[in-house]
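Residue strings, one per chain:
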Amino acid sequence: MGARQSRAGCKDKGPGRMGCLRRRQKLSAWDDALLSGRDPRALLKRGLRHISFSLVTKGMTDIPDFLWGLSEVQRLNLSHNQLRVLPPEVGRLSRLVVLNLCGNHLKSLPAEVSLLQGLKVLFLSMNRLSELPAELSACRSLEVLSVSHNRLSQLPASFADLSRLRKLNLSNNCFAHIPVCVFALKELDFLHVGSNRLENIAESIQCLASLQIFIAENNSIHSFPRSLCLLASLEVLNLNNNDIQTLPEELYLLCRLARIAWNPMDKGLHISHNPLAKPLPELVEGGLEMLVSYLKDKKHS
């Protein structure tokens, strides 16, 4: 009888029902705030540099409407949910500096992203994007863009206007070539195009003079272009798991490559799992100095 009364009591509306909800399950901070009628601004984290708001791994399929009223938010993390749509209201968050939408089900972005003029970091990895809007190129403050693990095969030509972009991750997509607009991004110091469908690297790669890390592993690249040897700032060059048979005699120009690298996290030249012609495999095993010396001698012979 007592148990039936307790369950019946939980069916009542009003504050009593809210109390029963809290007893049944532990509510997240933002659920609790909304149920109790508190201002969601109370959930903002005010750091020394940024005002942040996070709704990570909540199983959300839709973004709660109250979020669009938090105009002071600078760092917003909505990663690892089940979001299918980013509403145009995102344009109201004009102070955003960092936006993390990784691990959702997004297929497109609204044109209103162009209103995020102060955005510096945008994470879109692990979604279902087959294209990016040209309007994103209006975010001229953007410095970091990650769109790995999507379904992209091209980028808008207007992305050439992202003149402050320093780090670009295009890995695990469907690119058959590096988009032409990428070669206009003179400030790039990090470019990841691994695990795509590349068969070559355009000579225009030499335009990226600031590049320090270039990763093109797990493609079907047939040759190591001489133009790569003009990128004197390179500290990491990863061409593992391709179809490269020969190496350019100008390899010695890459003076900041310290070694042949075997560990994925190491700096240096990553060239393993390629069908290198003899005697290159043995020279690679002997280290970068031996390899470079052989290529130099070959050039002058």
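Residues numbered from 1 in each chain as written. Predicted model: local features only at pLDDT ≥ 70, side-chain atom pairs only at ≥ 80, totals over all residues. Heavy atoms only, no water.

**A few points about the overall build of the chain**
Just so we agree on the cut-off: For helices the rule is a DSSP run of H or I covering at least 4 residues; for strands it is a run of E covering at least 2, with both sets numbered from the N terminus onward. Each residue is assigned to one of three classes by its accessible area relative to the maximum for its type, calculated with a 1.4 Å probe on protein chains only: buried under 20%, partly exposed between the two thresholds, exposed over 50%. Throughout, a contact is declared for two residues whenever any of their heavy atoms are within 4.5 Å. Methods summary: accessible areas were calculated by the Shrake-Rupley approach with a probe of 1.4 Å, and residue burial reflects only the protein chains presented.
When its secondary structure is counted, the chain shows five helices and 11 strands. In the chain, which comprises 301 residues, the share counted as buried stands at 48%. Long-range pairs, those at least 24 residues apart, make up 32% of the contacts in the chain with a sequence separation of at least 6. Approximately 15,400 Å² of the chain is accessible, and the part contributed by carbon and sulfur atoms is 49%.

**Side note on a nonpolar patch on the surface**
As a reminder, the rule being used: Patches draw on residues past 30% relative accessible area with no salt bridge. Two like charges within 9 Å are joined, as are two nonpolar side chains (Val, Leu, Ile, Met, Phe, Trp, Tyr) within 5 Å. The salt bridge criterion pairs a side-chain nitrogen of Lys or Arg with a carboxyl oxygen of Asp or Glu, the two atoms within 4 Å.
Together, Leu230, Tyr252 and Leu253 line one region of the surface with nonpolar side chains, adding up to about 240 Å² of accessible area. By secondary structure assignment, the location of tyrosine 252 is in the loop between strand 10 (236–238) and strand 11 (268–270). A residue is classified by how much of its surface remains accessible, and tyrosine 252, at 31% relative accessible area, is partly exposed.

**Considerations on a positive patch on the surface**
Going by this rule: The charge count includes Lys and Arg as positive and Asp and Glu as negative, but it does not include His or the ends of the chains. To locate a charge, take atom NZ for lysine, CZ for arginine, CG for aspartate or CD for glutamate.
On the surface, Arg49, Arg75, Lys120 and Arg164 cluster together into a patch of positive charge. By secondary structure assignment, the location of lysine 120 is in the loop between strand 4 (98–100) and strand 5 (121–123).

**Re helix 5 (residues 288–300)**
Note on helix geometry: an α-helix contains 3.6 residues per turn, so any two residues three or four positions apart are oriented the same way. Inclusion rule: A helix is expected to span 1.5 Å multiplied by its residue count minus one. An arc is given here, and it is the one of the directions from the helix axis to the C-beta atoms.
Compared with an ideal rise of 1.5 Å per residue, which puts 13 residues at 18 Å, helix 5 spans 19 Å between its outermost C-alpha atoms and is within 8% of the ideal. For helix 5, every residue scored as buried is listed here: Leu288, Leu291, Val292 and Leu295. Seen from one end, helix 5 has its buried residues packed into an arc of 95 degrees, which puts them on one side. In helix 5, the exposed positions angled more than 90 degrees off the buried face are occupied by Glu289 and His300. Structurally, helix 5 contributes buried residues whose contacts are with strand 11 and helix 4 (280–286).

**Some points on the confidence of the model for the chain**
Cut-off, in case you're wondering: Note on scores: pLDDT gives the predictor's confidence for each residue, bounded by 0 and 100.
Summarising the model, the chain shows a mean pLDDT of 89, and 86% of its residues fall at 70 or more. Contacts for the low-pLDDT stretch residues 1–27, under 50 throughout, to residues beyond four places or in other chains number 12 contacts.

**What to know about the nonpolar core**
Test applied: The nonpolar core is taken to be a set of buried Ala, Val, Leu, Ile, Met, Phe, Trp, Tyr and Cys residues, with the residues joined through side-chain atoms within 4.5 Å.
Grouped together as the largest cluster of nonpolar side chains are 82 residues, with contacts concentrated most on Phe214, Phe224 and Leu291. Put simply, the parts of the chain that give this core at least two residues each are strand 2 (51–54), helix 4 and helix 5. If one sorts the elements of this core by residue count, helix 5 sits on top with four residues. Once you skip the residues sitting within four places of it in the chain, phenylalanine 214 turns out to touch Ile178, Leu191, Val193, Ile201, Ile205, Leu228, Leu234, Val236, Leu237 and Asn238.

**Considering the side chain of histidine 105**
With respect to the helices and strands, the residue histidine 105 is situated in the loop between strand 4 and strand 5. Those residues in contact with histidine 105, other than ones at most four positions away along the chain, are Gln82, Leu83, Arg84, Asn127 and Arg128.

**Here we look at the pairing of strand 2**
As a reminder, the rule being used: Each pair of strands is called paired provided DSSP finds at least two bridges between the two strands.
As judged from the two bridges shared by strand 1 (residues 45–46) and strand 2, these two strands associate in the antiparallel manner. Note that in strand 2 the partner of arginine 46 across the bridge is isoleucine 51. Bridge count for strand 2 against strand 3 (residues 75–77) is three bridges, and the pairing is parallel. Looking at the pairing, serine 52 lines up with arginine 75 of strand 3.

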